[in-house]
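Geometric and topological summary
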Amino acid sequence: MDPLERMHFTTIDYVIFALLLVASMGIGLYYALSGDRQRTTQEFLLADRSMSCLPVSLSLIATFQSAVAIVGVPAEIYTHGTQYWFIGCAYILGLLIPAHVFIPVFYRLHLTSAYQYLELRFSKPVRICGTLTFIFQTVIYMGVCVYTPALALNAVTGFDLWGAVLATGLVCTLYTTLGGLKAVIWTDVFQTIVMFAGQLAVIVVGVQQTGGLAEVWRKVWEGNRISGIDLNPDPTERYTFWTLGVGGIFLMLSLYGVNQAQVQRYLSSKTEREAIMSCYMVFPFLQVALALSCVMGLVMFARYCGEDQFHKIGNLSKNEMVLYFVMDMLQDLPGLSGLFIACVFSAALSTISSAFNSLATVTLEDLIKPHCSSMTEARATLLSKGLACSYGLMCLAMAYLTHLMSDSVLQAAFKIFGMVGGPLLGIFCLGMFFPWANSTGALAGLGSGLVMAFWVGIGSIVTRTSGGPAAVSHFNCTAVQLSENITTAIGTALNSTAVPTSTSRFRLSQLKCTYESNYRPLHAFQPMGLQRFYSLSFMWYSALSSFTVVITGLIVSFLTGPMKEEDVTPGTLYPLLGNMLFFVPDNLKQNLCCATPLEHRECPPAQHKENNVQAVYTEEEEEERLNFLPTSPTPVTEHETTV
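Residues numbered from 1 in each chain as written. Predicted model: local features only at pLDDT ≥ 70, side-chain atom pairs only at ≥ 80, totals over all residues. Heavy atoms only, no water.

**Notes on the overall build of the chain**
Cut-off, in case you're wondering: Counting from the N terminus, the helices are DSSP H or I runs at least four residues long and the strands are E runs at least two residues long. Burial classes: relative accessible area under 20% of the type maximum marks a residue as buried, over 50% as exposed, and values in between as partly exposed (1.4 Å probe, protein chains only). Whether two residues are in contact is decided by their heavy atoms: any pair within 4.5 Å suffices.
Tallying secondary structure elements over the chain gives 26 helices and two strands in all. Within the chain, the fraction of its 643 residues that count as buried is 60%. Taking the contacts inside the chain whose residues are at least 6 apart along the sequence as the reference set, 86% of them involve residues at least 24 apart.

**Regarding the pattern of salt bridges**
For the record, the criterion: Salt bridge criterion: a side-chain nitrogen from Lys or Arg within 4 Å of a carboxyl oxygen from Asp or Glu.
Going through the model one piece at a time under the given rule, you end up with eight salt bridges. A salt bridge links Asp188 to Arg265, with the nearest nitrogen and oxygen atoms 3.6 Å apart. Here Asp188 is found in helix α8 (residues 161–210), whereas its partner Arg265 is found in helix α12 (residues 260–267), with 77 residues between them in sequence. Residue Asp188 is classed as buried on the basis of its relative accessible area, which comes to 0%. One salt bridge in this structure joins Arg218 and Glu222, with 2.9 Å as the shortest N-O distance.

**Some thoughts on helix α1 (residues 11–33)**
In an α-helix, one full turn covers 3.6 residues, which means residues spaced three or four apart are oriented alike. Quick reminder of the rule: Working rule for helices: expected span equals 1.5 Å times residues minus one.
Across its 23 residues, α1 extends 32 Å between first and last C-alpha, which sits within 8% of the 33 Å expected from 1.5 Å per residue. Within α1, the full set of buried residues consists of Asp13, Phe17, Leu20, Leu21, Ser24, Met25, Ile27, Gly28, Tyr31 and Ala32.

**Quick word on the nonpolar core**
Operational definition: Take the buried residues of types Ala, Val, Leu, Ile, Met, Phe, Trp, Tyr and Cys, join any two whose side-chain atoms come within 4.5 Å, and each joined set is a nonpolar core.
Counting residues in each nonpolar core, the largest one holds 162 residues, and the members touching the most others are Tyr256 and Phe340. The element best represented in this core is α8, accounting for 17 residues. Ignoring any residue separated from it by four or fewer positions in sequence, one finds Phe340 in contact with Ile70, Gly198, Gln199, Val202, Met296, Val322, Leu323 and Val326. Residues Phe44, Leu45, Ile368 and Ala388 belong to the second largest nonpolar core, which totals seven residues.

**Focus on the packing of helix α5 (residues 90–108) against helix α11 (residues 247–256)**
This is how it is decided: Note on method: axes are straight lines fitted to C-alpha atoms, helices fitted across the in-contact stretch only, with angles between N-to-C directions ranging 0 to 180 degrees. Throughout, the term roughly parallel applies to angles under 35 degrees, roughly antiparallel to angles over 145, roughly perpendicular to angles from 65 to 115, and oblique to all others. If you view the pair so one helix is near and one far, a crossing is left-handed when the near helix is turned anticlockwise from the far one by less than a right angle, and right-handed when it is turned clockwise. Lys, Arg, Asp and Glu make up the charged group, whereas Ala, Val, Leu, Ile, Met, Phe, Trp, Tyr, Cys and Pro make up the nonpolar group; the residues left over, Gly among them, are polar.
One way to put it is that α5 packs onto α11 with a least axis distance of 8 Å and a crossing angle of 40°. Viewed along their axes, α5 and α11 adopt a mutual orientation that is oblique. Note that α5 runs across α11; the crossing there is right-handed. Across from Ala90, Tyr91, Leu93, Gly94, Leu95, Ile97, Pro98 and Phe102 in α5, the residues of α11 making contact are Gly248, Ile249, Met252, Leu253 and Tyr256. For the contact of α5 with α11, the residue count by class is eleven nonpolar, two polar and no charged.

**A few points about the confidence of the model for the chain**
The following threshold applies: Known as pLDDT, the predictor's per-residue confidence is scaled from 0 to 100.
Here the chain averages 75 in pLDDT, while 72% of its residues score no lower than 70. Least confident of the elements in the chain is helix α20 (residues 515–518), whose mean pLDDT is 34; most confident is helix α22 (residues 541–560), at 93. The model gives residues 478–524 a pLDDT under 50, and that stretch makes 80 contacts with residues more than four places away or in other chains.

**Looking at the packing of aromatic side chains**
Put simply, the rule is: Classification of ring pairs rests on two measures: the distance between centres of Phe, Tyr or Trp rings, Trp counted by its six-membered ring, which must be within 6.5 Å, and the angle between planes, read as stacked under 30 degrees, edge-to-face over 60 and tilted in between.
Enumeration over the complete set of coordinates arrives at 21 aromatic pairs. With a centroid separation of 6.2 Å and an interplanar angle of 75°, the aromatic rings of Phe433 and Tyr574 are classed as edge-to-face. Note that Phe433 is positioned in helix α17 (residues 409–433) and Tyr574 in the loop between α22 and α23 (576–580), a separation of 141 residues in sequence. We note that Phe433, like Tyr574, is buried. Grouping aromatic residues by their ring pairs yields a cluster made of Phe102, Phe106, Tyr115, Tyr117, Phe134 and Phe428.

**Side note on helix α13 (residues 272–304)**
The criterion, for reference: The seven residues ending at a residue and the seven starting there each receive a fitted axis; the angle between those axes is the bend at that residue.
The terminal C-alpha atoms of α13 lie 49 Å apart, and with 33 residues this matches the ideal 48 Å at 1.5 Å per residue to within 8%. Along α13, the sharpest change in direction is near 25° and occurs at Phe283; proline Pro284 comes one to four residues later.

**Examining the environment of Thr351**
Assignment of secondary structure puts Thr351 in helix α15 (residues 336–368). The spacing of Thr351 and Met142 is 209 residues in sequence and 7.9 Å in space, taken between C-alpha atoms.

**A few points about the side chain of Ser353**
Tracing the backbone shows Ser353 in helix α15. For Ser353, the residues in contact, after removing those within four places along its chain, are Cys172, Tyr175, Thr176, Val184 and Asp188.

**With respect to a nonpolar patch on the surface**
For clarity, the cut-off: Note on patches: the residues involved have over 30% relative accessible area and no salt bridge, like charges join within 9 Å, and the nonpolar side chains Val, Leu, Ile, Met, Phe, Trp and Tyr join within 5 Å. Values of accessible area rely on a 1.4 Å probe in the Shrake-Rupley scheme; residue burial ignores everything except the protein chains shown.
On the surface, Ile229, Leu231, Trp242 and Val246 cluster together into a nonpolar patch covering about 360 Å² of accessible area. Looking at where Ile229 falls in the secondary structure, it is placed in the loop between α9 (213–222) and α10 (241–245).

**So, the environment of Val362**
Checked against the element boundaries, Val362 lands in helix α15. Taking C-alpha positions, Val362 is 8.1 Å from Ala114, a pair spaced 248 residues apart along the chain. Contact partners of Val362, with chain neighbours within four places excluded, come to Ser113, Tyr115, Thr131, Phe134, Ile135, Gln260 and Leu367.

**Describing the environment of Tyr304**
By secondary structure assignment, the location of Tyr304 is in helix α13. Considered as a pair, Tyr304 and Thr210 are 94 residues apart in the sequence and their alpha carbons are 9.3 Å apart.

**Here we look at the side chain of Ser123**
Tracing the sequence through the fold places Ser123 in the loop between α6 (116–121) and α7 (124–157). Look at Ser123 and you get buried, because its relative accessible area is 17%. If we skip the residues at most four places from it in the chain, Ser123 touches Leu118 and Ser439.

**Remarks on unusual backbone geometry**
The phi dihedral of Ala47 is positive, around 55°, even though this residue is not glycine. Topologically, Ala47 is positioned in the loop between α2 (41–46) and α3 (53–64). Take Ala47: its relative accessible area is 0%, and that puts it in the buried class. One non-glycine residue with positive phi stands out, namely Arg49, at about 50°.

**Things to note about the packing of α5 against α12**
Helix-helix packing: each pair is described by the crossing angle between the helix axes and the interaxial distance. Where α5 meets α12, the axes come as close as 10 Å, and the angle between the chain directions of the two elements is 70°. Comparing the axis directions of α5 and α12 gives the class roughly perpendicular. Only Val263, Tyr266 and Leu267 of α12 make contact with α5, whose side of the interface consists of Pro98, Ile103, Phe106 and Tyr107. Its residues assigned to classes, the contact of α5 with α12 shows seven nonpolar, no polar and no charged.

What follows is the structure in structure tokens.
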């Protein structure tokens, strides 16, 4: 009998799930009817720049701690061990650099859209290309986010798949359209609490039913699921310390440094200090979220490690494992299954609502307003709400495309951010750190970065080799049943690392710890040439495409005539080279075109007006700005922002 046939929701589970949707809607309605009732674009898109650091930090987590992570990370730990946990090392620089580099630049320019920066630094065509690239990335990712929880609910309860997709998409669209960014941020806070509560409940019950912490540890240790630091420099390995700790930094920068959904939250903060503090506060919350997901994967492994559990998880895909595990653990505890499903849907709602709001922002500010300068504030606000609603309906179509993908949701998400987020990170780095980069170089760099990213990404999909073969553990448990996709991946790994010496057939579903003595290494089947290039781990996609943008952009800029620092819009450069070459005399640094620190350059209001950037300062912001911008020359070392 199909193990899922006996899974079902109780009335309490449905009530808890419904309460999540009702509460989210209630928050949206509250902010739609309070304050200025979302009558201005400043309130609808930036929450009147009035948010404090705590709700902003929780919203930053919720935006990308999506259902993809809650469903995908435990399945990765179950399959590949705890090596993935080392991505937590990337969080350090992945959050410090945005806090001290990107946030100061964006906040002091008083932007609404991150891509307004590209026009200030380069030109309008670069801004439009960046905006279109972001829209493409986010629309595709929305499909993954809305489809994942619907698939989960369908798998464990038989609830109609597309009915769940429709419910998620419409509820999210409604409260985002009504309540604006303030509603999105506060629903994110509520949904983050639900996420943590749901994961914690599953872990506590799972450990108890598996036999306690000691038994869980024994099984995962004997099953070789506790991984040490793998310093293998091979970039085709799915997960190593370098892949996660270095490649992960570029992935984090593309998410927390230049992604519009996150930048919009930084810009909604009361002050620059609040924005930086919110970035700092994200770090411990992200580590907690990562730990909960990884521990859940280990408990799941301990639960199903053994021949007596062989039949339970045999026919499930990677994306269904976690939900089956949850229903299996919590089926006798009414309400907890509903809590976890609410946890998964909370993650999805928070991510999708952020996407709707950020897409409406960039479409209005970057694509419509520049051509409709006479548009009234009331009409612009109404149009932004219409855009949010339209993108909400579009995500339903993207969910169907996600349905056709065969990758795990976590791998699909990383590929999307690596293939599209990497080039966007590259073009912002090109503009901020290299004063001589010009508009032609930026366009050429962005184009080459996208071509490189899609070449590798599509090549890996066609050849099915992305990230190298799945890691095969030397299972000491009697048996571990894996999904068909994982079994195929393990078969590939065995073919490339070992050859049977005493038998011609091997049943992967009954893999035993004696496999080490029956197999000897063989390296003849390692991918070569272009095949090896396509085997690049998807964690390196962001780094590869970012460097491609920067290198190509600099070469083309030098060939077409590099910009001079005095021609660059003030406030758009970060003095990276100036900070790195602190030992070089000032006159030589000036000859090398090292950027003047931000503190010494003030952007004239006329330039902002010309480029559709409103430079409106509150009394508090004006005081902070005047204190920050000295009227007399001061030594560079007194005011540099360092990482």
